[in-house]
Amino acid sequence: MADHLESRGAIVVGDGKFGVHAVGTSAYQGPIENLVGGKMPMGYGVEPGLERAFFGALLLPDPDDFYDKNAVSVIIREITVGYLEVVTAKAFVSALAQNGLDRAACRAAICGGSHGPHDNPDDGLFRVRLDVVIPFHFRTPKI
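Remember, predicted model here, so these are calculated numbers, not experimental data.

A. Just the overall build of the protein, in detail. Broken down by element type, the protein carries two helices and eight strands. For the protein, the sequential pattern of α-helices and β-strands runs β-β-α-β-β-β-α-β-β-β. Principal axes of the C-alpha set define a box for the protein whose edges measure 55 × 35 × 30 Å. For the protein, with 143 residues in total, the buried portion stands at 38%. Summarising the internal contacts of the protein: among those between residues at least 6 apart in sequence, 67% fall at separations of at least 24. Looking at charge distribution, the protein has the averaged site of its 13 positive side-chain charges lying 7 Å from that of its 17 negative ones.

B. Highlighting the nonpolar core. Counting residues in each nonpolar core, the largest one holds 33 residues, and the members touching the most others are F92, I110, L130 and F138. The set of elements that each furnish at least two residues to this core consists of β1 (9-12), α1 (29-36), β3 (54-61), β4 (72-76), α2 (86-98), β6 (103-112) and β7 (126-131).

C. Summary view of the environment of V128. In this structure, V128 sits in strand β7. Excluding residues that lie within four positions of it along the chain, V128 makes contacts with V20, H21, A22, T25, I32, V74, V81, A108, A109 and I110.

D. Representation of the confidence of the model for the protein within the structure. In this model, the protein carries a mean pLDDT of 89, and residues with pLDDT of at least 70 account for 90%. Here α1 stands out as the least confident element of the protein, with mean pLDDT 95; β4 is the most confident, with 98.

E. How the structure looks around the packing of aromatic side chains. All chains considered together, the criterion is met by six aromatic pairs. Pairing F18 with F54 gives two aromatic rings, centres 5.4 Å apart and planes at 35°, and the pair type is tilted. Pair noted here: F18 is in the loop between β1 and β2 (20-21) and F54 is in strand β3, with a separation of 36 residues, a long-range link. The buried category is assigned to F18, whose relative accessible area is 3%. Take F54: its relative accessible area is 40%, and that puts it in the partly exposed class. Aromatic pair F92 and F136: ring centres 5.2 Å apart, planes at 70°, arrangement edge-to-face. One end of the pair, F92, is in helix α2; the other, F136, is in the loop between β7 and β8 (138-139), with 44 residues separating them in the sequence. In textbook terms, an aromatic cluster arises when at least three aromatic residues are bridged by ring pairs, as seen for F92, F136 and F138.

F. Spatial organisation of the pairing of β3. As paired strands, β3 and β6 are joined by six bridges and run antiparallel to one another. If you follow F55 over to β6, its bridge partner there is A108. In this structure, β3 lies alongside β4, joined through four bridges in antiparallel fashion. By the bridge assignment for β4, L58 is matched with I75.

Conventions adopted
- Residues numbered from 1 in each chain as written.
- Predicted model: local features only at pLDDT ≥ 70, side-chain atom pairs only at ≥ 80, totals over all residues.
- Heavy atoms only, no water.
- Helix = DSSP H or I, 4+ residues; strand = E, 2+ residues; numbered from the N terminus.
- Buried < 20%, exposed > 50% of the residue type's maximum accessible area, 1.4 Å probe, protein only.
- Contact = heavy atoms within 4.5 Å.
- Lys, Arg positive; Asp, Glu negative; His and termini not counted.
- Charge placed at Lys NZ, Arg CZ, Asp CG, Glu CD.
- Core = buried A, V, L, I, M, F, W, Y, C linked by side-chain atoms within 4.5 Å.
- pLDDT = per-residue confidence, 0-100.
- Phe/Tyr/Trp six-rings, centres within 6.5 Å; stacked < 30°, edge-to-face > 60°.
- Pairing = 2+ DSSP bridges.

As structure tokens, then:
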């Protein structure tokens, strides 16, 4: 019989502002576009008047990451879409440890993804914004 590791997760408390941005999303543009079903003329966002693409995101530490032992993957529907920024990831991993947790979930918004003319070279790229408040606080999921 295989060993079973019990995981402990929670929900990260947010404020509805989606103020934390995942990094490294440029490497995941294809999978992110598949999640939302394609680009839109005005793109996606959390602001009024824009198409909205909200998801649940798993924030999963990756202590075996070659570059950063505090790396935290941002995963939507089992697809990695980016990572927490280095300082944010370190604070998140520390907060998890202080609360006896090994992962947490939060709300995420996929933004950008317009296919119109662009003034900036990175316009049209998808971005992932997370609804979390720093310092991190957690609540128990309601099942």
